[in-house]
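Fold and contact review
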Amino acid sequence: MADNLPSEFDVVVIGTGLPESIIASACSRSGQRVLHVDSRNYYGGNWASFSFSGLLSWIKENQEKTDIGEDSEDWRKLILETEEAISLNKKDNTIQHVEDVCYASQELAEDVKEAGALPKLPAFEASDTSEAAQESEKECLPVESQSLGTESCETYPESVTCNDLESTTERKDAEMTSEREHLCDATFDQSALETGKAENVSTAEAAALEPKKITYAQIVKEGRRFNIDLVSKLLYSRGLLIDLLTKSNVSRYAEFKNVTRILAFQEGRVEQVPCSRADVFNSKKLTMVEKRMLMKFLTFCLEYEQHPDEYQDYKECTFSEYLKTQKLTANLQHFILHSIAMVSEADSDTIDGLKATKHFLQCLGRYGNTPFLFPLYGQGEIPQCFCRMCAVFGGIYCLRHSVQCLVVDKESGRCKALIDHFGQRISANYFVVEDSYLSEKTCTNVCYRQISRAVLITDQSVLKTDSDQQISILTVPPVEQGQPAVRIIELCSSTMTCMRNTYLVHFTCSSTKTAKEDLEPVVQKLFSLNAETERESENGGELGKPRVLWAVYFNMRDSSGIDRNSYDCLPSNVYVCSGPDYALGNDYAVKQAETFFQEMFPKEEFCPPPPNPEDIIYDGDGTQPEDPGFSSSSNTKTEPSPKESSDGDSCKVSEEHHEE
């Protein structure tokens, strides 16, 4: 039971966001005794992903913001005279101004409940559909959300990725019972076969029938197909997170897809940006002169440090002003600033812009034609991958496990223990705490920034092409000076984040007002908010805007970049991890995790590769036990399944991809 944990650990981690999960994994991997707790009932904190019903519950929880009554103060009796307590928050105050809007038809939606993975298809009789749904209910969750124990370490099977569409959509059900887990092995093969047949049937019928309007009832019923991220990020193919995933072999717990398009918004139109050499020369939107200009400038950016004379006089200028001094057309300047460098027009100087452009170019071609990868099933998979590695090496996990306070020794000023909601006193040498757990008293002098977020479910891509399976990133420049640019990431159903015939569109910008006030004007530029009206007449020769079916807006706290001294009376052995930042990548979280780990254990390697069983010397007669599954992917290469081989956009990030 979670109320009978060991009383001593080397490291206690409070919160399961990305930086905390990386630290927990690194500590467990280096042999430390790790306790990882979270008061929430899901992994990831503000880095989490939800099914549609899960997101509705999250929205309701944050809209109500009910005040928690006075808890029992019995735990204070455990504080000695030579000690003092630092109380922790009982509720999360990092999310504000949550507002959800449904634009799709809500007819017959009242009695609809979230169903299994199989939709109700016209080809099936009612009895067939119900049987298929019951069969789907029995399927197991093949990755972290099921596998991670909430109380103790578990060793996990190697089959952590699944290519069958229908079976894997069940993996996000956080309320799955232990009985279903035991049924996993017995039912998986049969259900995968049946659902594969259902996929073929649905594809054939979809081609034969005209697409129908998507209603709110359909979205609710297919809610398990959605994996909606609270934070919208991508992975740079040569970023710190990809390097860490491959080095530690945590990448084997996840699967990724390439971002297929980089878009630009200019003069009221969305168009694709050529970024690689092949794209530039194949582009019909650029003149031959512009192609030469662009290639010359991008070649310079790759080696700009070797030619300081070219930019020395413009160091104090913004990157936007520097681009105007180069032989670039206004069209090219727009592409470079907003779609390649992706830096602020008003705040980023020349060096920042050149660095960002160089990083973008260096990431091209490693895994695809763009610099970015997106994890299947959403960004929330990444923290769970590191939690799983921590558990494999002995870490203990407890969700729904709140902490009352940290106990500080008055004489030394160091934190020596915590007291949980059971009244148990747990000692440790180091404590890692997510910022949202700190009380207002501790954060009195902290000045936080805010991020405006919106998530839309739409019926069509923002830029329609022959393929409807596109993953796109688009930056909409500010309309007025002083306003932030808005970053948009559009996900298709093949990312396992939304149901078929829909798109999941994430909007992100730095906050100036509430999220809806910041983002709705941009939403209206690109999408139609009136789902009942038909698209524009075909007389114009163009399709109308995509329609928004459902949307949610919220503001999220950005606690990155906070100086440690800003926290009041923080003990030296307590490390505060920030929540998600505004940046597109995850470099800040990885740097923070590595910095904290090196301060705690300066002689230990940060997330080393797992041991190869062939290199382990066992006691006894020299015989080796069965492979526990820790072998490095650089030494053992798994043959891809036929479906993996046929899907060119989907990839497993491993050491093999480093070879160029």
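Residues numbered from 1 in each chain as written. Predicted model: local features only at pLDDT ≥ 70, side-chain atom pairs only at ≥ 80, totals over all residues. Heavy atoms only, no water.

Under an unreviewed UniProt entry, the chain has the name Rab proteins geranylgeranyltransferase component A and belongs to Chelonoidis abingdonii. Taken verbatim from the UniProt record of the chain, the Subcellular location (unreviewed entry) comment is "Cytoplasm, Cytosol". In its Function (unreviewed entry) section, the UniProt entry covering the chain states "Substrate-binding subunit (component A) of the Rab geranylgeranyltransferase (GGTase) complex. Binds unprenylated Rab proteins and presents the substrate peptide to the catalytic component B. The component A is thought to be regenerated by transferring its prenylated Rab back to the donor membrane." (UniProt positions renumbered as here; feature names shortened; annotations may be inferred.)

A tally of regular secondary structure across the chain gives 18 helices and 22 strands. The proportion of buried residues among the 660 residues of the chain is 55%. The long-range share in the chain, meaning contacts at least 24 apart out of those at least 6 apart in sequence, stands at 76%. For the chain, the exposed area adds up to about 30500 Å²; of that, 47% sits on carbon and sulfur atoms. (Helix = DSSP H or I, 4+ residues; strand = E, 2+ residues; numbered from the N terminus. Buried < 20%, exposed > 50% of the residue type's maximum accessible area, 1.4 Å probe, protein only. Contact = heavy atoms within 4.5 Å. Areas by Shrake-Rupley, 256 points an atom, 1.4 Å probe, with all protein chains shown as cover.)

All right, on to the environment of Leu406 then. Topologically, Leu406 is positioned in strand S13 (residues 403–409). Residue classification places Leu406 among the buried positions, given a relative accessible area of 2%. Spatially, the C-alpha atoms of Leu406 and Asp420 are 9.1 Å apart, while their sequence positions differ by 14 residues.

If you walk across this open sheet you meet the 8 strands as S5-S20-S16-S19-S18-S17-S9-S10, and the pairing is mixed. Each of the sheet's edge strands pairs with one partner strand only, and the pair in question is strand S5 (95–102) and strand S10 (269–272). Here the average twist between neighbouring strands, direction ignored, is 20°. The sheet contacts of helix H2 (residues 52–64) involve S5, strand S16 (449–458) and strand S20 (548–558), and relative to S5 the element is tilted by about 130°. Against the sheet, helix H13 (residues 330–340) makes contact with strand S9 (261–266), S10 and strand S17 (472–476), and its axis sits at roughly 125° relative to S9, the strand it touches most. (Pairing = 2+ DSSP bridges. Axes fitted to C-alpha atoms, helices over the stretch in contact; angles between N-to-C directions.)

With their axes 8 Å apart at the nearest point, helix H9 (residues 240–248) and helix H17 (residues 587–600) run at an angle of 55° to one another. By the criterion of interaxial angle, the relationship of H9 to H17 is oblique. In this structure, H9 contributes Leu240, Leu241 and Leu244 to the contact, and H17 contributes Asp587, Val590 and Lys591. Among the residues forming the contact of H9 with H17, the class breakdown is 4 nonpolar, no polar and 2 charged. (Parallel < 35°, antiparallel > 145°, perpendicular 65-115°, else oblique. Nonpolar A, V, L, I, M, F, W, Y, C, P; charged D, E, K, R; others polar.)

Within this structure, the stated rule accounts for 18 salt bridges. With its nearest N and O atoms 2.8 Å apart, the salt bridge here joins Lys516 to Glu99. Taken together, the residues span a long stretch of sequence, with Lys516 in helix H16 (residues 515–526) and Glu99 in strand S5 at a distance of 417 residues. Linking Asp581 and Lys233 is a salt bridge whose minimum nitrogen-to-oxygen distance equals 2.7 Å. In this pair, Asp581 is assigned in the loop between strand S21 (574–577) and H17 and Lys233 in the loop between strand S6 (228–229) and strand S7 (235–236), connecting sequence segments 348 residues apart. The two residues Asp581 and Lys233 agree in class, both being buried. Connected through salt bridges with shared partners, the residues Asp38, Arg40, Asp92 and Glu434 form a single ionic network. (Salt bridge = Lys/Arg side-chain N within 4 Å of Asp/Glu carboxyl O.)

Here we come to H13. One turn of an α-helix holds 3.6 residues; hence residues three or four places apart share an orientation. Taken across its 11 residues, H13 has 10 buried, putting it largely inside the fold. Within the span of H13, buried status applies to Asn331, Leu332, Gln333, His334, Phe335, Ile336, Leu337, His338, Ser339 and Ile340. Tucked into the core, H13 has its buried residues touching S9, S10, helix H11 (288–302), helix H12 (319–325), helix H14 (350–363) and S17. Met342, located one to two residues past H13, shows a positive phi value of around 55°.

So, on to unusual backbone geometry. The phi torsion at Tyr377 lies on the positive side, around 75°, for a residue other than glycine. Relative to the elements of secondary structure, Tyr377 occurs in the loop between strand S11 (372–375) and helix H15 (381–392). Under the relative-accessibility criterion, Tyr377 is labelled buried at 6%. Even without a glycine there, the phi angle at Met496 is positive, about 60°. Within the secondary structure layout, Met496 lies in the loop between strand S18 (486–491) and strand S19 (503–510). Owing to a relative accessible area of 11%, Met496 belongs among the buried residues under this scheme.

We now examine the confidence of the model for the chain. Per-residue confidence for the chain gives a mean pLDDT of 80, with 73% of residues at or over 70. Low pLDDT (under 50) marks residues 203–211, which in the prediction has 3 contacts with non-local residues, meaning those over four places away or in another chain. Within the model, the stretch residues 534–542 combines pLDDT values under 50 with 9 contacts to residues more than four positions away or in other chains. (pLDDT = per-residue confidence, 0-100.)

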